[in-house]
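Residue-level structure breakdown
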Amino acid sequence: MALRDILVIPDKRLRIVSKPVEAVDAQVRALAEDMLETMYDAPGIGLAAIQIGKPLRLVTMDLSKKEDEKAPQVFINPEITWSSDEVNVHEEGCLSIPEYYEEVERPSKVRFSYLDLDGKLQEVEADGIFATCIQHEIDHLNGVLFIDHISKLKRDRVVKKYTKIAKQAAE
Ligand code: NI
């Protein structure tokens, strides 16, 4: 296992559309392990492979409460198969946009399919934070960030801020 660097905006790789995982093999399982370790270290509740620079449709998540035992989850090639008309507003954050939080409106419930670590096709229904998180992570696989769902004014402001920080770091 190894900790990986998390890409931060305005890194262009965050806009890549990730490719499906073709075979759930040892390499993919090792990548998932690294992602979980990186996610816990950050700390965060969800991570998409592209956030560590791997353009693969692979997501890790742990929505357990701090006081509870860890509940790592890995979703390979996740795909929304149904979403509710009903929407919810949740405050979202992202490890690729550190320390920035904003309310985002999304369908309150979704159903999605994915491959598990044994390569078996699964389908689950998600609501609450689970629904928000999986939609946020699947967005990453399509090169979409949660700031794309907020007003242009707010988005421009946050992108400008992180572009400035990146420039200063490069100097
Ligand atoms: Ni994110």
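Residues numbered from 1 in each chain as written. Predicted model: local features only at pLDDT ≥ 70, side-chain atom pairs only at ≥ 80, totals over all residues. Heavy atoms only, no water.

What follows covers the pairing of strand β5 (residues 97–107). As defined by bridge partners, strand β4 (residues 87–94) adjoins β5 across 7 bridges and the pair is classed as antiparallel. What sits directly across from E92, in β5, is E102. Linking two consecutive strands that pair antiparallel, namely β4 and β5, is a turn of 2 residues. (Pairing = 2+ DSSP bridges. Helix = DSSP H or I, 4+ residues; strand = E, 2+ residues; numbered from the N terminus.)

Moving on: the side chain of E102. Relative to the elements of secondary structure, E102 occurs in strand β5. On the basis of relative accessible area, E102 is assigned to the buried category, the value being 18%. A distance of 3.3 Å separates a polar atom in the side chain of E102 from a polar atom in the side chain of K154. With near-sequence residues (within four places) excluded, E102 lies in contact with H90, E91, E92, F146, I150 and K154. (Buried < 20%, exposed > 50% of the residue type's maximum accessible area, 1.4 Å probe, protein only. Polar contact = N/O pair within 3.5 Å; in protein donor to acceptor, adjacent residues only side chain to side chain. Contact = heavy atoms within 4.5 Å.)

In this structure, M61, F75, F112 and I134 are the most contacted members of the largest nonpolar core, which totals 15 residues. Elements with a minimum of two residues in this core: β2 (58–61), β6 (109–115) and α2 (128–141). Per-element accounting of this core gives the leading share, 6 residues, to α2. When near neighbours in sequence (up to four residues on either side) are disregarded, M61 contacts L36, M39, I45, G46, A71, P72, Q73, F75, F130, C133, I134 and E137. (Core = buried A, V, L, I, M, F, W, Y, C linked by side-chain atoms within 4.5 Å.)

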